[in-house]
Amino acid sequence: MSVRALPPELAEKARKELNEDPSRINSDIQHLKDWLSKQPHLRARTDVQWLLAFLRGCKYSLERTKEKLDLYYSVRTTAPELFSIKPSNPLFDEILSLGAILILPKTATSDSPRVSLIIPGRYDADKYNITDVMAVSFVLQKIIMMEDDNAIVAGILSILDLDTVKMGHFLQMTPMVMKKMVVASQDALPVRLKGTHYLNTPTGFETVFNAIKALLNEKNKKRLYVHNQNYEEMYKYIPKDILPVEYGGSGGSIEEIIDYWRKKVKEYSDWLEEDDQYGTDESKRPGKPKTAEDMFGVEGSFRQLEFD
């Protein structure tokens, strides 16, 4: 089995923070392959680098890795709308081209987290839905899981810039959509979320913010930072230099970053097409099949959000 070697700083971080022991990797991956082959309901990828991302995301606990693999593929089956827009669909490139979700090519240092920049105001809420935008971002996340060692070892930091966001954007954030987004990203992805930094927060933001916060685990609740227009405060966590030129950084223009990802998706086109076959067949799951209601059922008092 060939595992991509980590640069020294990331290898040290993986050892200290993720319990990585290079001498164990091959046997752990083989263990997962054997386990997957015995799961009648699971159709999962077995690429070495893919399984390694799950091991790292679960700090090499084999039990947690199995749970996360099962959950990841269950979400594909129970929330298919989050995986519905394929790169072959013209809508994919249309949404990618808006630049509402950008994964920045530069990191602060060789062992820093990857940074994603989410700018919902760049998509028209009358024309596009948040789940379509999420579906495009989940395609980019698959590529990250295969090749981005910074994201998998050091984690992902997010900037959420709410400049020019309208009520239509907020109204798309129904309790069910929020719950699915949290389960799909916080719970099912083998990536450590290192915090979300909010910029240009409009009126009405508190309502959605508090609703999402209520769904997060304790660790992630503590990693939410509302800077509004205080960019200087954010630079203490995310250096200005790695941001796009539109944000005063030197990390390429938004257009260049979109183009980088367009090329990357094209490079992965066969792999991504092949990836569509994976998921779960709940009728074959030993015991009780998982349903969307089990996984995303939203509690009563949370059903109705009031916008003043």
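Residues numbered from 1 in each chain as written. Predicted model: local features only at pLDDT ≥ 70, side-chain atom pairs only at ≥ 80, totals over all residues. Heavy atoms only, no water.

Focus on the overall build of the protein
For step 1, the next point in the chain: Regarding its fold elements, the protein presents 15 helices and seven strands.
For step 2, the next point in the chain: Since a compact globule built from 308 residues should have a radius of gyration of about 19 Å, the 19 Å found for the protein is in line with a globular shape.
For step 3, the next point in the chain: Dimensions of the protein along its principal axes, counting C-alpha atoms only, are 50 × 45 × 40 Å.
For step 4, the next point in the chain: Looking at the protein as a whole, 53% of its 308 residues qualify as buried.
For step 5, the next point in the chain: For the protein, the exposed surface amounts to about 14200 Å²; the carbon and sulfur share of it is 51%. (Helix = DSSP H or I, 4+ residues; strand = E, 2+ residues; numbered from the N terminus. Rg over C-alpha atoms; globule rule 2.2 N^0.38 Å. Buried < 20%, exposed > 50% of the residue type's maximum accessible area, 1.4 Å probe, protein only. Areas by Shrake-Rupley, 256 points an atom, 1.4 Å probe, with all protein chains shown as cover.)

Overview of the environment of Arg 15
For step 1, the next point in the chain: With respect to the helices and strands, the residue Arg 15 is situated in helix α1 (residues 8-18).
For step 2, the next point in the chain: In sequence terms Arg 15 and Lys 59 are 44 residues apart; their C-alpha atoms lie 9.6 Å from each other.

Topic: the UniProt feature "domain: CRAL-TRIO" (unreviewed entry) in the protein
For step 1, the next point in the chain: UniProt feature "domain: CRAL-TRIO" (unreviewed entry): in the numbering of this structure it lies at residues 91-255.
For step 2, the next point in the chain: Taken as a whole, residues 91-255 contains 43% helix and 16% strand, while its terminal C-alpha atoms sit 18 Å from one another. (UniProt positions renumbered as here; feature names shortened; annotations may be inferred.)

Description of unusual backbone geometry
Residues other than glycine predominantly adopt negative phi, and peptide bonds predominantly adopt the trans conformation.
For step 1, the next point in the chain: Of note, Lys 59 is a non-glycine position whose phi angle comes to about 50°, a positive value.
For step 2, the next point in the chain: Mapping Lys 59 onto the fold places it in the loop between α3 (48-57) and α4 (62-78).
For step 3, the next point in the chain: One non-glycine residue, Tyr 60, lies in positive phi territory at about 65°.
For step 4, the next point in the chain: Relative to the helices and strands, Tyr 60 is located in the loop between α3 and α4.

Here we look at the pattern of salt bridges
For step 1, the next point in the chain: For the coordinates displayed, the defined rule picks out 30 salt bridges.
For step 2, the next point in the chain: Glu 20 is the salt-bridge partner of Arg 56, the closest N and O atoms lying 2.7 Å from each other. Here Arg 56 is found in helix α3, whereas its partner Glu 20 is found in the loop between α1 and α2 (22-37), with 36 residues between them in sequence. For the pair Arg 56 and Glu 20, a shared accessibility class is recorded, and that class is buried.
For step 3, the next point in the chain: Between Asp 281 and Lys 284 there is a salt bridge, with the nearest N and O atoms lying 3.8 Å from each other.
For step 4, the next point in the chain: The class for Asp 281 is partly exposed, based on a relative accessible area of 24%.
For step 5, the next point in the chain: Given the relative accessible area of 48%, Lys 284 is considered partly exposed.
For step 6, the next point in the chain: Members of the salt-bridge network, linked through shared partners, are Arg 45, Asp 47, Arg 76, Lys 142, Glu 274 and Asp 275. (Salt bridge = Lys/Arg side-chain N within 4 Å of Asp/Glu carboxyl O.)

What to know about the domain arrangement of the protein
For step 1, the next point in the chain: Under the domain assignment, the protein is made up of domain 1 (1-78) and domain 2 (85-267).
For step 2, the next point in the chain: The C-alpha centroid of domain 2 is placed 24 Å from the C-alpha centroid of domain 1.
For step 3, the next point in the chain: Contacts between domain 1 and domain 2 engage 22 residues on the former and 20 residues on the latter.
For step 4, the next point in the chain: Both faces combined, the contact of domain 1 with domain 2 buries some 2000 Å², and carbon together with sulfur accounts for 65% of it.
For step 5, the next point in the chain: Here domain 1 is connected to domain 2 by three salt bridges.
For step 6, the next point in the chain: Between Glu 17 and Arg 192 there is a salt bridge, and its shortest N-O distance comes to 2.8 Å.
For step 7, the next point in the chain: Viewed at the interface, domain 2 and domain 1 are joined by seven residue pairs in polar contact (both at pLDDT 80 or more).
For step 8, the next point in the chain: Looking at the side of domain 1 that touches domain 2, the elements with two or more residues in it are α1, α3 and α4. (Domains from an automatic or database assignment. Contact = heavy atoms within 4.5 Å. Buried area = accessible area lost by both parts, 1.4 Å probe. Polar contact = N/O pair within 3.5 Å; in protein donor to acceptor, adjacent residues only side chain to side chain.)

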